[in-house]
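Survey of secondary and tertiary structure
Now for the letters of each chain:
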Amino acid sequence: MGSGQLVTVFGAYGHTGRFMVAELAARGFVPVLSGRNGQALDELAREHDLEARAASVDDAASLDRALAGTVAVINCAGPFASTTGPVIEAALRAKIPYLDVAAELEANLDTFAHYRERARDAAAVIVPAMAFFGGLGDLLATAAMGDWTEADEAHIAYALSSWHPTAGTRRSGAVSRERRGEQRLRYRGGQWEHRTDAAPTVQWNFPEPVGSRPVIGEFTMADVVTVSQHLAVPDVTTYMTTQAVQDIADPDTPAPTAADEDGRSDQTFLVDVVVRSAGAERRATARGHDIYAVTAPLVAEALERVLTGRTKTVGVVSAGEIFDAADFLHALTPHITFDLYVQKQYA
């Protein structure tokens, strides 16, 4: 547990940031609240009796002050295209681990590309996308791979009962769309492809009780980035239930609202991961509530493991690359229900 260690949460007053602050405190850490909005920080600080340190990505000195004396920084502030670089630089100067919850493909690709060598040479730990999108799917794919050193293909399918996006999700999505223009990304043959055709709609057979559902195929999310960085799988595809896609595409879909005393919404999720190799198939699934709320225990568990040395490597790393994936997923009980299925043959 945290034993009173200080951890900076950048973007602490955001929807996910608030879950992060509560989870860290529950684990014995002392969150240091940071971000650009001083008024929001002060209000949150008074609510939780915590220290607030306003900082801006345009002011390196303010970021240094925000990280001073802390053991790690967690970046919850999107759009991550703007925040990851400056906060990572501050973490490298402070010589502390950096974790974020970025779902933006481009921001995550930039992090791996720009900081891989520097972080490795400095023996630093940088874990991008340690969240529902990116971290969870990567852990499931790694657990499903097991003792396989390579596979032909990996599929990660999300069944969300609904998707009420936060304001941060909408801003980050807008930034990604602006960077890509009219193109979408797909990972095939070990390469990123820029596509202009529409993503296909297909059926996915989720485990019961969800069952067969229409999904948007090639609905490329951060998991494709994280998986492709460390697993020898040339084709990685993510899928999203069509209802969830319609929800997030509708500008009138409201933000998530609390349905329990912990602030979680009534949204449920099932993440179904299938990896295939030479006619054999392995499967791993995770079930739970609220994709934003579950991000907090994912990051906090990662932080604890980094700080206690329960890691496999250093540098810019995906969740499944640095942690024991199956052990990590089991440790998330009761936040998720994790199942690993017996290998079978497929047609």
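Residues numbered from 1 in each chain as written. Predicted model: local features only at pLDDT ≥ 70, side-chain atom pairs only at ≥ 80, totals over all residues. Heavy atoms only, no water.

Examining the overall build of the protein
- Scanning the protein from terminus to terminus reveals twelve helices and 16 strands.
- Rg of the C-alpha trace for the protein: 19 Å, near the compact-globule value of 20 Å for 347 residues, within the 12% margin.
- The principal-axis extents of the C-alpha atoms in the protein amount to approximately 55 × 45 × 40 Å.
- When the 347 residues of the protein are sorted by exposure, 55% land in the buried category.
- In the protein, once contacts between residues fewer than 6 apart in sequence are set aside, the share between residues at least 24 apart is 71%.
- As displayed, the protein offers around 14,300 Å² of accessible surface, 48% of which is attributable to carbon and sulfur atoms.
- Each charge sign in the protein was given a centre, from 30 positive and 45 negative side chains, and these centres are 2 Å apart. (Helix = DSSP H or I, 4+ residues; strand = E, 2+ residues; numbered from the N terminus. Rg over C-alpha atoms; globule rule 2.2 N^0.38 Å. Buried < 20%, exposed > 50% of the residue type's maximum accessible area, 1.4 Å probe, protein only. Contact = heavy atoms within 4.5 Å. Areas by Shrake-Rupley, 256 points an atom, 1.4 Å probe, with all protein chains shown as cover. Lys, Arg positive; Asp, Glu negative; His and termini not counted. Charge placed at Lys NZ, Arg CZ, Asp CG, Glu CD.)

A closer look at the side chain of Thr-84
- Within the element layout of this structure, Thr-84 appears in helix H4 (residues 80-94).
- When sequence neighbours within four positions are dropped, the list of residues in contact with Thr-84 reads Asn-75, Tyr-98, Asp-100 and Thr-111.

Describing the packing of helix H3 (residues 60-67) against H4
- Between H3 and H4, whose axes approach to 9 Å, the crossing angle comes to 55°. Compared by their axis directions, H3 and H4 come out oblique. Crossing handedness for the pair H3 and H4: right-handed. Along its contact with H3, which presents Ala-60, Leu-63, Asp-64 and Leu-67, the element H4 presents Pro-86, Val-87, Ala-90, Ala-91, Arg-93 and Ala-94.
- Its residues assigned to classes, the contact of H3 with H4 shows eight nonpolar, no polar and two charged. (Axes fitted to C-alpha atoms, helices over the stretch in contact; angles between N-to-C directions. Parallel < 35°, antiparallel > 145°, perpendicular 65-115°, else oblique. Left-handed = near helix turned anticlockwise from the far one by under 90°. Nonpolar A, V, L, I, M, F, W, Y, C, P; charged D, E, K, R; others polar.)

Section: the environment of Thr-16
- In this structure, Thr-16 sits in helix H1 (residues 15-26).
- Distance in space between the C-alpha atoms of Thr-16 and Cys-76 is 6.7 Å, their sequence separation being 60 residues.

A closer look at the sheet that holds strand E1 (residues 6-10)
- Across the sheet, seven strands lie side by side as E3-E2-E1-E4-E5-E6-E15; this open sheet has parallel pairing. Where the open sheet ends on each side, the last strands, each with one partner, are strand E3 (52-54) and strand E15 (315-316).
- In this structure, E1 lies alongside strand E2 (residues 30-35), joined through five bridges in parallel fashion. Among the inter-strand pairings, Phe-10 is bridged to a residue of E2, identified as Ser-34. (Pairing = 2+ DSSP bridges.)

Comments concerning the environment of Gln-5
- The residue Gln-5 is located in the segment before E1 in this model.
- Taking the C-alpha atoms as reference, Gln-5 lies 42 Å from Arg-276; in sequence the two are 271 residues apart.
- In this structure, Gln-5 is in contact with Gly-28, Phe-29, Val-30, Val-71 and Leu-307, ignoring residues within four places of it in sequence.

Quick notes on the packing of aromatic side chains
- Enumeration over the complete set of coordinates arrives at nine aromatic pairs.
- Geometrically, the ring pair formed by Phe-132 and Phe-133 is edge-to-face, given 4.8 Å between the ring centres and 80° between the ring planes. Per residue, the accessibility class of Phe-132 equals that of Phe-133, and both read buried.
- Taken together, the aromatic side chains of Phe-132, Phe-133, Tyr-158, Trp-163 and Phe-269 make up a single cluster linked through ring pairs. (Phe/Tyr/Trp six-rings, centres within 6.5 Å; stacked < 30°, edge-to-face > 60°.)

Observations concerning the nonpolar core
- Membership of the largest hydrophobic core comes to 80 residues, with the highest contact counts inside it found for Met-130, Phe-132, Leu-136 and Trp-163.
- At nine residues, the largest contribution of residues to this core is made by helix H6 (residues 132-145).
- Formed by 24 residues, the second largest nonpolar core is a distinct cluster that contains Leu-63, Ile-88, Leu-92 and Val-225. (Core = buried A, V, L, I, M, F, W, Y, C linked by side-chain atoms within 4.5 Å.)

Topic: the layout of surface pockets
- Estimated volume of the largest pocket: approximately 1,300 Å³.
- Residue lining of the largest pocket: 50 residues in total, with Thr-169, Ser-172, Gly-173, Met-221 and Ile-248 positioned closest to the centre.
- Every element with two or more residues in the lining of the largest pocket is listed here: H1, H6, helix H7 (167-180), strand E8 (184-188) and helix H9 (242-249).
- Considering every element that reaches the lining of the largest pocket, the biggest residue donor is H7, with ten residues. (1 Å grid on protein atoms, 1.4 Å probe; cavity = no way out; pocket = protein on both sides within 12 Å on 5 of 7 lines; lining within 4 Å. Points joined across faces, edges and corners; volume = space filled by probe spheres on them.)

Observations regarding the pattern of salt bridges
- Evaluated as defined, the whole model comprises 23 salt bridges.
- The salt bridge involving Asp-197 is made with Arg-184; its shortest N-O contact spans 3.1 Å. Of this pair, Asp-197 sits in the loop between strand E9 (191-195) and strand E10 (201-205) while Arg-184 is found in strand E8, placing the two residues 13 residues apart along the sequence.
- Given a relative accessible area of 36%, Asp-197 falls into the partly exposed group. (Salt bridge = Lys/Arg side-chain N within 4 Å of Asp/Glu carboxyl O.)

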